[in-house]
Amino acid sequence: MMVIKEIAVYTNILNCRIKKYFADILNKNNINLTPEQFLVMDWLWKEQAISQQRIAEVIQKDKNSVTKFIDSLEKKNLVFRTVDEVDRRINKIALTQEGADMELATTEVAIDFMNDVVKGIDENDLKTFVKVSLQMKDNLEKNEKKS
């Protein structure tokens, strides 16, 4: 198989396997989040409050999908919507106390999960993987702007 084709195939397989395994790990640890909801929460733990548009950009999902994620997180009492003080057309998403309180335990589970995924892989190889992945992401973004 050509190396370019292998990259495409294994990137897709890796993404699917990581999401499935992470969903299982979250479930086993009684964390009521999907992997995608975890990504939203992880950004909120860093930023405290961000717009729905920014969430869509960060997690690479369309606005309708993000709305469903936010609706679900709201029903779980983990986030709430608020109107931006400067631009009232912008919905900001913020953490509830319950959402903030789950950061430490959930992050610990996520780190343990990723440590299992990368177990036995040399740190320099992991740094190379990150570097190459970022270069590929940048190439995609440049090509998207051309389209």
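Above this note sits the structure.
What counts and what doesn't
All residue numbers here refer to positions counted from 1 along the written sequence of the relevant chain. Only residues with pLDDT of 70 or above have their local features reported here, since the model is predicted, and side-chain atom pairs are shown and tallied only from 80 upward, although totals for entire chains, interfaces and linings are computed over all residues. To get the side-chain values, all heavy atoms of the structure are used, and hydrogens and water are removed first. When a carboxyl oxygen of Asp or Glu is within 4 Å of a side-chain nitrogen of Lys or Arg, the pair counts as a salt bridge. Counting from the N terminus, the helices are DSSP H or I runs at least four residues long and the strands are E runs at least two residues long. Type-normalised accessible area, obtained with a 1.4 Å probe on protein chains alone, sets the label of each residue: buried when under 20%, exposed when over 50%, and partly exposed for intermediate values. Here, nonpolar core means buried Ala, Val, Leu, Ile, Met, Phe, Trp, Tyr and Cys residues that are tied together by side-chain atoms lying within 4.5 Å of each other. Note on contacts: a residue pair is in contact if any heavy atoms of the two residues lie within 4.5 Å. Axis lines are fitted through C-alpha atoms, for helices just across the contact stretch, and the angle between N-to-C directions can take any value from 0 to 180 degrees. Each angle receives one of four descriptions, namely roughly parallel if under 35 degrees, roughly antiparallel if over 145, roughly perpendicular if within 65 to 115, and oblique otherwise. Only Asp, Glu, Lys and Arg are considered charged, only Ala, Val, Leu, Ile, Met, Phe, Trp, Tyr, Cys and Pro nonpolar, and every remaining residue, Gly among them, polar.

1. A short note on the pattern of salt bridges
Step number 1: Going through the model one piece at a time under the given rule, you end up with ten salt bridges.
Step number 2: Across the pair Lys46 and Asp42 runs a salt bridge whose closest N-O atoms are separated by 3.4 Å. Here Asp42 and Lys46 lie together in helix α2 (residues 35-47), a separation of four residues that amounts to about one turn.
Step number 3: Relative accessible area serves as the criterion here: at 52%, Lys46 is assigned to the exposed category.
Step number 4: With its nearest N and O atoms 2.4 Å apart, the salt bridge here joins Glu74 to Arg81.
Step number 5: Residue classification places Arg81 among the partly exposed residues on the basis of a relative accessible area of 26%.

2. Section: the nonpolar core
Step number 1: Among the nonpolar cores identified, the biggest contains 26 residues, and Leu33, Met41, Ile55 and Val79 are the most heavily contacted of them.
Step number 2: Elements with a contribution of two residues or more to this core: α1 (3-28), α2, α3 (52-59), α4 (63-75), β3 (91-95) and α6 (103-117).
Step number 3: Element by element, the count of residues in this core is highest for α2, at five residues.
Step number 4: Ignoring sequence-local partners within four residues, the contact set of Leu33 consists of Leu26, Phe38, Met41, Leu73, Lys76, Leu78, Met102 and Thr106.

3. What about the packing of α2 against α4?
Axes are the key here: two packed helices are described by the angle between their axes and the distance separating the axes.
Step number 1: Viewed as axis vectors pointing N to C, α2 and α4 meet at an angle of 80°, and their least axial separation amounts to 10 Å. Relative to α4, the element α2 is oriented roughly perpendicular. For the pair α2 and α4, contact is made by Glu36, Gln37, Val40 and Met41 and by Phe69, Ile70, Ser72 and Leu73, respectively.
Step number 2: Here the residues of the contact of α2 with α4 are counted per class, giving five nonpolar, two polar and one charged.

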